[in-house]
Each structure stands twice: as C-alpha cells, then as structure tokens.
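Overview (structure and organization)
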Amino acid sequence: MTTRCGFIALIGAPNAGKSCLLNALIGDKISIVSPKVQTTRTRVLGIVTKNDAQAVFIDTPGLFKPRRRLDRAMVAAAHDARDEADIVAVVADAARKDCLETVKKIVSRIPSADKRKIALVLNKVDLIDRKKLLPMVADLNKFHPFAATFMVAAIKNDGIEGLEKWIFEQLPEGPMHYNPDTVTDTPDAILAAEITREKLYLRLHEELPYGLHVMTDSFEKRADGSIEIRQTIITNEARHKGMVIGKAGAMLKLVGSLTREELQQIFDTRIHLFLDVVVKDSWDERGEVISEMGLNPDA
Ligand SMILES: Nc1nc2c(ncn2[C@@H]2O[C@H](COP(=O)(O)OP(=O)(O)OP(=O)(O)O)[C@@H](O)[C@H]2O)c(=O)[nH]1
Ligand SMILES: [Mg+2]
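To continue, consider the environment of Val121. The topology assignment puts Val121 in strand β5 (residues 117-123). Setting aside residues up to four positions removed in sequence, Val121 forms contacts with Leu21, Ala89, Val90, Val91, Phe150, Val152 and Leu163.

This is the structure in structure tokens:
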C-alpha cells in the first residue's frame, strides 16, 4: 500500500492563534494557549493519521524580533520548522490592523516561497466583519499567490475541516513517520510543566510571563494508579517569585489547583502536584537551561 506523509509548519506572529489551531486540528489539548504573546517556546508536534495518510503539524513559537538569548533560540526553532516543512501554513490574526503587513513580512522571508506550497490561514474571523476579509484576501493573494486561503476561527473549530481536507490532499507520498495512534511526541513530564506555565500566564499580569519557566523534576505513578508530579517554577528575580507565590501563598495555591484539575483530565487519574518557586538569575540567558528546553542556545 502506498502511504503518504508530510510535515506542515504553522508559522506566524505571536498570538495569531497557532497553538489554538493545532489543538483544533488534533482535537486534543497538546499545545498551551494564552492571551499573552510568546506563549509557545519550542516546536510542538501534532499528528493526524487517516487511513493511509499522516499529517504532522508543527506548532512553532511566534516570529518576533528577539532580544534575549532564549528569544533567539525560539525564533530559530520556528525558522527551522518552516524551512524543513513540506507545506507552510502562515497563520494570521485577521482582526489585527497590521494583519496585511505582518503576513507580507513573514511570506517575504520564506525561503523558496515561489516553489513551495504556502497556505494562508486567516484566523479569528469571528472578530471581524466578513466583508472586510475579502479585500484583504485579494490583496494578500496579489502579493503572493497562495496555494490556498482559509478563513477560520480556531477557538470555535470553525473552518478547520476545510483546511484539514486540503492539507490531506497535498501530502507527498512516503512512509509514515509516527505510529498511527500517536498524537504528539511531547513527553508527559514536559506537557505537565507547560500546563502549569499556561495557568501562570492566564493568572499573572503582563511583565512577568516572559521571565518564567517551569520544569518537572519528577513524574511518578503511584501504586494506586494516581500520579505524583513535582515541579519547579523558575523566576528571574525575588520580586517575581513573590508575585508567583502571592499573598499568603494564594496565587500558587490557585495555579496549583487549576493545573491539577486539567492534568487530571488529561491523564485521566488523580494527580498529586507539588510546586516549588525559585529565583535563578538570568535563566533566560543561560545555555544549559535553553538546551534543556530542547532549543539551540547558540542560535
Ligand atoms: N476570538 C478568537 N480568539 C482566538 C482564536 N484563536 C485563538 N484565539 C485566542 O488568541 C490568543 C492566542 O492564541 P494562541 O493559540 O496562544 O496563539 P499563538 O499564535 O500560539 O501564540 P504564541 O505561542 O505566543 O506565538 C488566545 O487568547 C486564544 O484564545 C479565534 O479563532 N478567535
Ligand atoms: Mg503558541
């Protein structure tokens, strides 16, 4: 039987909704989503297998002008995914005023853009008048003749089927890269740390999230089938550590219970979660932390 398999990179500006779109395509929560920019820090794979065809979607960190060493590593991870993929899906927030310029900038930097299949995915169309969309689509397709254009609302699962159908039609012949039952290659311990980071991002205000990192120190199944998870939340300064802990520990307690609830759903068992908060000066400039995240510290 001939099989087909291809890699599809989801690229775009921070906050465009790439991770939300990945989750919608997979039908499962595998990548964290938040209203803050720079939520995704590494590549996250989402795999969909249908009969003889496998689509491997790659969620990537948003493309932005890097400042810290961590930023450079994140943007490099997105560029690598983009350059290696069979199909590139440029995901954009259609409701933003700068949508046109952002898409043009991103497309103009795609290597061999004229020879590769590039799809335009205008997301968040639930926030904008459809009449405004059509001139934007026409303008963008004049700038670059996209292989296909989709208008979706990832958060509502709107328009996802059409995108998926098109992607499956484009997949090149070749062996499947993953077991058909696999939906992602993210280890459980990393997914658990990401869920904690997501809850922190949802609860804390603007300046803090980019200076936060969460690591799972241990992830163990107990004899009764429940899971014991120990994690460390790393902050850049003592003031931030205090904000994560909150008054009389209230913030940490809230984040802990939100995380535990979601992990219980994901792993379908009782979760015992222990969170510790530490200060590690300039962790986002340290090569060893960046490598541990699966990124290239010298990017
Ligand atoms: N209204 C609306 N909001 C959406 C839609 N898709 C995503 N969002 C919201 O947009 C925000 C950003 O979504 P993410 O999926 O985290 O965006 P991202 O592109 O992965 O962001 P980074 O990882 O930071 O690059 C979240 O608050 C989502 O709930 C949509 O279709 N409609
Ligand atoms: Mg993301």
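Time to look at the nonpolar core. With 75 residues, the main nonpolar core has Ile8, Leu10, Ala89, Val90 and Val121 as its most contacted residues. A domain-level breakdown of this core finds at least three residues from each of domain 1 (4-170) and domain 2 (188-292). Discounting chain neighbours no more than four positions away, the residues touching Val90 are Ile11, Gly12, Val103, Ile106, Val107, Ile118, Leu120 and Val121.

It is worth spelling out the site of ligand 1 at this point. Gly17, Ser19, Cys20, Thr40 and Gly62 are the nearest of the 24 residues found near ligand 1. Considering each element in turn, the shell around ligand 1 owes the most residues, three residues, to helix α1 (residues 18-26). Each residue belonging to the shell around ligand 1 can be placed in one class, and the counts come to 11 nonpolar, 10 polar and three charged.

Glancing now at the pairing of strand β4 (residues 87-93). Here β4 lies mainly inside the structure; seven of its seven residues are buried. Where burial is concerned, the two faces of β4 agree: the one with Ile87, Ala89, Val91 and Asp93 and the one with Val88, Val90 and Ala92 are both buried. Of the strand pairs in this sheet, strand β1 (residues 4-11) and β4 are connected by four bridges, and their pairing is parallel. By the bridge assignment for β4, Ile8 is matched with Ile87. The pairing of β4 with β5 spans seven bridges and is parallel.

Here we take up the domain arrangement of the protein chain. Per the domain assignment, the segments making up the protein chain are domain 1 (4-170) and domain 2 (188-292). Inter-centroid distance (C-alpha atoms) of domain 1 to domain 2 is 28 Å. Contact with domain 1, which involves 10 residues of that partner, is made by 12 residues of domain 2. Here the residues of the side of domain 1 that touches domain 2 are counted per class, giving three nonpolar, three polar and four charged.

The strand order β2-β3-β1-β4-β5-β6 describes an open sheet built from six strands, whose pairing is mixed. With partners counted over all chains shown, the strands left at the sheet margins are β2 (44-50) and β6 (148-151), one partner each. With direction set aside, neighbouring strand axes in the sheet form an average angle of 20 degrees. Where α1 meets the sheet, its contacts fall on β1, β2, β3 (53-59), β4 and β5, and the angle it forms with β2 comes to roughly 25 degrees. In the packing of helix α3 (residues 99-108) onto the sheet, the strands contacted are β1, β4 and β5, and the crossing angle to β4 comes to about 160 degrees.

Read from one edge of the open sheet, three strands run β7-β8-β9, paired in mixed fashion. This sheet does not close on itself; its edge strands, each paired only once, are β7 (213-221) and β9 (271-279). This sheet shows a mean twist of 15 degrees between the axes of neighbouring strands, independent of strand direction. Pairing analysis gives eight bridges linking β7 to strand β8 (residues 227-235), with the strands arranged antiparallel. Within the sheet, the bridge partner assigned to Thr216 lies in β8 and is Gln231. Set on the sheet, helix α6 (residues 188-203) makes contact with β7 and β8; between it and β7 the angle comes to about 135 degrees. Of the strands in this sheet, β8 and β9 are in contact with helix α7 (residues 238-245), which crosses β9 at around 155 degrees.

So, how was this worked out
- Residues numbered from 1 in each chain as written.
- Chains lettered and ligands numbered in written order.
- Predicted model: local features only at pLDDT ≥ 70, side-chain atom pairs only at ≥ 80, totals over all residues.
- Helix = DSSP H or I, 4+ residues; strand = E, 2+ residues; numbered from the N terminus.
- Contact = placed C-beta atoms within 7 Å.
- Core = buried A, V, L, I, M, F, W, Y, C linked by C-beta atoms within 7 Å.
- Buried ≥ 20, exposed ≤ 12 C-beta atoms within 10 Å, placed from the backbone.
- Domains from an automatic or database assignment.
- Near = placed C-beta within 6 Å.
- Nonpolar A, V, L, I, M, F, W, Y, C, P; charged D, E, K, R; others polar.
- Pairing = 2+ DSSP bridges.
- Axes fitted to C-alpha atoms, helices over the stretch in contact; angles between N-to-C directions.

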